[in-house]
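# Commentary on secondary and tertiary structure
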Amino acid sequence: MRRKATLMLALFVTAACLTNDASAGPWTLKKNRLWAETFGRISISRYCFDPDGNRSRWNNGGYSRVFDLEQKFEYGATDNFNLLLGIPYSRSIWKDDYVIHGNSSELTNENFKQPNFGFKYRFLDKPFVAAVQMKAFIFPNADRNKEPTLDEWGNALETRILMGKAFSVHKRPAYVACELGYKIRSKRWVADSDWANTFPVFFETGFSPHDRIMLKTEIDCMISQPGTGRIKDAYTWRIGPIISLLGHGFSSIKKGGESSLNLELQYGIQFAGRGDPNIHRDPTWPNNEDRISAPQEFIAKIQMLF
């Protein structure tokens, strides 16, 4: 029973470890320019949120580690219209006091997650910059039942409105940007998803005290639509610097015409969340409620503009 309970717990635990990665604001590339980002993240969690939003330790000494790697591309088809592509890969590890898996005390799963592609169209420049973005997320050829799960499996379509404005503070560059969207998951069509449709909400702001440093902070939210599937709400705060290594400017913020190489470092923490209040399990299991992970994140990004 304990081993079965652990497997079931791991199945539902690390599916909720990951938050959506926000795009790079409403600014677009100039025609025929290419922006590439290599995104890496380590998420570590000993804590979780229950369906009421209460934070606690995982039962039985539970411990989750997730390693994410994603290659992102953005290409300027025109000055206002960019093509987007993302290829994510993940390795997830779950461990607790009751895992007995041969000679190993850990459950491990790794594979590609949902490749995504789409476009961004900038339709407004003044008094602020605004764009619309659309992406399709495609279910990969992977075992969606293997524990611990890597993602909310299933095809999905997402639309976002992106808004931002660059300005100066004491003659130094600064900016604010926000994103509001809706992600609809496949229901009764190819690669169905059990998860709810979501409203992504994202806000970021940054200030550059030096030509080579941009300090930024962001709030990244995923809010489930009740009645459309299994609920998972997540609210994450991140902070860190962007370092300009070569060239000029910070290409992940305001896309420019000059080539550049940036390094971005972030620390993040999921400060709020909740699982599905309608999912309850046998109370003898280690986790008898639908809980989601409350991870800390350590992020590094290499960004190149060609």
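Parameters at a glance
- Residues numbered from 1 in each chain as written.
- Predicted model: local features only at pLDDT ≥ 70, side-chain atom pairs only at ≥ 80, totals over all residues.
- Heavy atoms only, no water.
- Salt bridge = Lys/Arg side-chain N within 4 Å of Asp/Glu carboxyl O.
- Buried < 20%, exposed > 50% of the residue type's maximum accessible area, 1.4 Å probe, protein only.
- Helix = DSSP H or I, 4+ residues; strand = E, 2+ residues; numbered from the N terminus.
- Phe/Tyr/Trp six-rings, centres within 6.5 Å; stacked < 30°, edge-to-face > 60°.
- Lys NZ or Arg CZ within 6 Å of the ring centre and 35° of its normal.
- Contact = heavy atoms within 4.5 Å.
- Polar contact = N/O pair within 3.5 Å; in protein donor to acceptor, adjacent residues only side chain to side chain.
- pLDDT = per-residue confidence, 0-100.
- Pairing = 2+ DSSP bridges.
- Patch = residues over 30% accessible without salt bridge, like charges linked within 9 Å, V, L, I, M, F, W, Y side chains within 5 Å.
- Areas by Shrake-Rupley, 256 points an atom, 1.4 Å probe, with all protein chains shown as cover.

### Some points on the pattern of salt bridges
Summed over the entire model, instances satisfying the criterion amount to 22 salt bridges. With a closest N to O distance of 2.9 Å, Arg-160 and Glu-158 form a salt bridge. Classification of Glu-158 as buried rests on a relative accessible area of 4%. For Lys-216, the salt bridge is made with Glu-264, and the minimal N-O distance between the two is 3.2 Å. In this pair, Lys-216 is assigned in strand 12 (residues 213-224) and Glu-264 in strand 14 (residues 260-274), connecting sequence segments 48 residues apart. Of the two residues, Lys-216 and Glu-264, neither departs from the other in class, the shared state being buried.

### Observations concerning the packing of aromatic side chains
Here the structure, examined in full by the defined rule, presents eight aromatic pairs. Seen from their ring centres, Trp-58 and Trp-94 are 5.5 Å apart, and the 85 degrees between their planes marks the pair as edge-to-face. Placement of Trp-58 in the loop between strand 3 (55-57) and strand 4 (63-76) and of Trp-94 in strand 5 (residues 81-95) is noted, with a sequence separation of 36 residues between them. As far as the burial class goes, Trp-58 and Trp-94 line up, both buried. Where Tyr-182 meets Phe-199, the ring centres are 5.1 Å apart and the plane angle is 45 degrees; that geometry is what we call tilted. In this pair, Tyr-182 sits in strand 10 (residues 172-185) while Phe-199 sits in strand 11 (residues 198-210), placing the two residues 17 residues apart along the sequence. For Phe-199, a relative accessible area of 35% puts it in the partly exposed group. Residue placement shows Arg-46 over the ring face of Tyr-63; its charged tip is 4.2 Å from the ring centre. The ring centre of Phe-39 lies 4.9 Å from the NZ or CZ of Lys-72, which sits over that ring.

### Remarks on the environment of Cys-221
When you line up the elements, Cys-221 lands in strand 12. Sequence separation between Cys-221 and Phe-203 is 18 residues, and the spatial gap between their C-alpha atoms is 8.9 Å. The contact partners of Cys-221, leaving out residues within four places of it in the chain, are Phe-199, Pro-200, Val-201, Ala-234 and Tyr-235.

### A short note on the environment of Trp-58
Overall, the relative accessible area of 4% leaves Trp-58 in the buried class. C-alpha of Trp-58 to C-alpha of Ser-293: the two residues are 235 residues apart in sequence and 8.6 Å apart in space. Side chain to side chain, Trp-58 and Ser-45 meet in a polar contact 3.4 Å long. Polar contacts involving the side chain of Trp-58 include one to the main-chain carbonyl oxygen of Tyr-47, which spans 3.2 Å.

### Some thoughts on the environment of Pro-148
If you trace the backbone, Pro-148 turns up in the loop between strand 8 (129-137) and strand 9 (156-169). Separated by 41 residues in sequence, Pro-148 and Leu-107 place their C-alpha atoms 6.8 Å apart.

### With respect to the confidence of the model for the chain
When pLDDT is averaged across the chain, the result is 85; 84% of the residues are at 70 or more. Considering only residues more than four positions removed or in separate chains, one finds that residues 1-23, a stretch of pLDDT under 50, has 84 contacts. Per-residue pLDDT stays below 50 along residues 282-286; that stretch engages in nine contacts with residues further than four places along the chain or on separate chains.

### Brief notes about the pairing of strand 10
Where strand 9 and strand 10 come together, 14 bridges link them in antiparallel fashion. Considered in strand 10, the bridge of Glu-158 is made with Lys-183. Sheet analysis places strand 10 next to strand 11, joined by eight bridges and oriented antiparallel. Among the inter-strand pairings, Val-176 is bridged to a residue of strand 11, identified as Thr-205.

### Describing a nonpolar patch on the surface
Taken together, the side chains of Phe-73, Leu-85, Ile-87, Phe-112, Phe-117 and Ile-138 define a hydrophobic patch exposed on the protein surface, amounting to about 500 Å² of accessible area. With respect to the helices, strands and loops of the structure, Leu-85 is situated in strand 5. Take Leu-85: its relative accessible area is 37%, and that puts it in the partly exposed class.

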